[in-house]
Amino acid sequence: MKNKKLIAIYTLFIVCLFAVNCLAASHGTSKPSKVGILLVAFGSSESSAQVSFENIDRNVKKAYPDLLVRWAYTSHIIRKKLAKQGKILDSPEVALSKMMDEGYTHVAVQTLHTIRGAEFDDVSRTVEAFRIMGGFQGIMLGQPLLATQEDMEKTVNAILNNIPEARKKGEAVVLMGHGTHHPSNAFYTALMFQLQLKDPYIFVGTVEGYPEIGFITEELHKRNIKKAYLIPFMSVAGDHAKNDMAGDEEDSWKSVLTKAGIECVPVLKGTAEFDDFVAIWVGHLEEPMSHFK
Ligand code: CO
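Here we summarise the structure given alongside this text.

Rules and cut-offs
- Position numbers for residues start from 1 in each chain and track the written sequence from start to end.
- The predicted nature of this model means local features are confined to residues of pLDDT at least 70 and side-chain atom pairs, given and counted, to a pLDDT of 80 or more, with totals for whole chains, interfaces and linings taken over all residues.
- Remark: hydrogens and water are excluded; side-chain values derive from all non-hydrogen atoms of the structure.
- Burial classes: relative accessible area under 20% of the type maximum marks a residue as buried, over 50% as exposed, and values in between as partly exposed (1.4 Å probe, protein chains only).
- Secondary structure elements follow DSSP: runs of H or I of four or more residues count as helices, runs of E of two or more count as strands, with numbering from the N terminus.
- Paired strands, as defined in this entry, are two strands with at least two bridges between them according to DSSP.
- Consider the strands pointing away from the viewer: the crossover is right-handed when the path from the first strand over the helix to the second runs clockwise.
- Sites may look incomplete, because water is not among the atoms used; the donor set itself consists of N, O and S atoms within 2.8 Å of the metal (3.2 Å for Na, K and Ca).
- Note: the arc covers the axis-to-C-beta directions of the helix.
- What makes two residues a contact is simply this: any of their non-hydrogen atoms within 4.5 Å.

**Brief notes about the pairing of strand E4 (residues 138-142)**
The buried fraction of E4 amounts to four of the five residues, a majority that puts the element mostly inside the structure. Pairing analysis gives five bridges linking strand E3 (residues 106-111) to E4, with the strands arranged parallel. Pairing of Val107 across the sheet is with Ile139, part of E4. Tracing the backbone out of E3, into helix H5 (residues 118-133) and back to the parallel element E4 gives a crossover that is right-handed.

**Examining the coordination of the cobalt ion**
Distances from the cobalt ion to its protein donors, His178 (NE2) and His240 (NE2), fall within 2.0 Å. Here His178, found in the loop between strand E5 (172-177) and helix H7 (186-196), pairs with His240, found in helix H9 (residues 239-245); they are 62 residues apart in sequence, far enough to count as distant. When its relative accessible area of 28% is taken as the criterion, His178 is described as partly exposed.

**What about helix H4 (residues 92-101)?**
Taken together, the buried positions of H4 are occupied by Pro92, Ala95, Leu96 and Met99. Projection of H4 onto a plane perpendicular to its axis shows the buried side chains occupying an angular sector of 95 degrees, all on one side. Lining the buried residues of H4 we find strand E1 (35-41), strand E2 (68-73), E3, H5 and E4. Downstream of H4 by one or two residues, Gly103 has phi in the positive range, about 85 degrees.

The structure is reproduced here in structure tokens:
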């Protein structure tokens, strides 16, 4: 009787051990990890924007030389436009599905957005959906350029470090942010406040939010500013920079300010062309990566 009981307990023990082993195997803990990075941008069909993407790509690969780096564009219109030119770019959803299919175990998704606006929220929902689906052992999203106060300070320094050298005292720098109806639009005025603590002649306006160019023009007038450098505060110098900022149309920032008696010098460079900004985005990959170790 005692012997029988012992055998039963022993058998149960073996069965349990086997089950735990099977469970572990089915969850893939014994599978070697395959970690990838998915960089997500709104996208641009302008060739002037490619230099920004190339710079980010180069810097991410330098920071993570052993990992595969993929790209996805969120804009359907841009993807369609590029497809007509033979350039196929995936949406974040398709890119993640492919990575899932190819056996990636961990994916760090890093967006190249400036603020946590509506597009960032969309990517965030996609990442969450893949997490719930359970296709990866780990999937995490990195923060955009401006997420914390530390980012704000780094961004202020990045802007100050990259002002054209030709700028003289009394001349303004007017940054063009994208702007949005999303509550995160407040980041632009917060940035302007912190910039002006260091340099009162730097202004931040937006194309699609607050502050608008009309407000900036008044502010320049109040200070009797006669010349301004116009610089995009977007990762790429794409359509907004070329047309809304530096274009010849009547409502471009260049036209509005010139009409108001302010000489304009447009600088067609996106923030991602400068390593100071790129370092902030690349730095945001550290958080997801720390969870994959
Ligand atoms: Co836009």
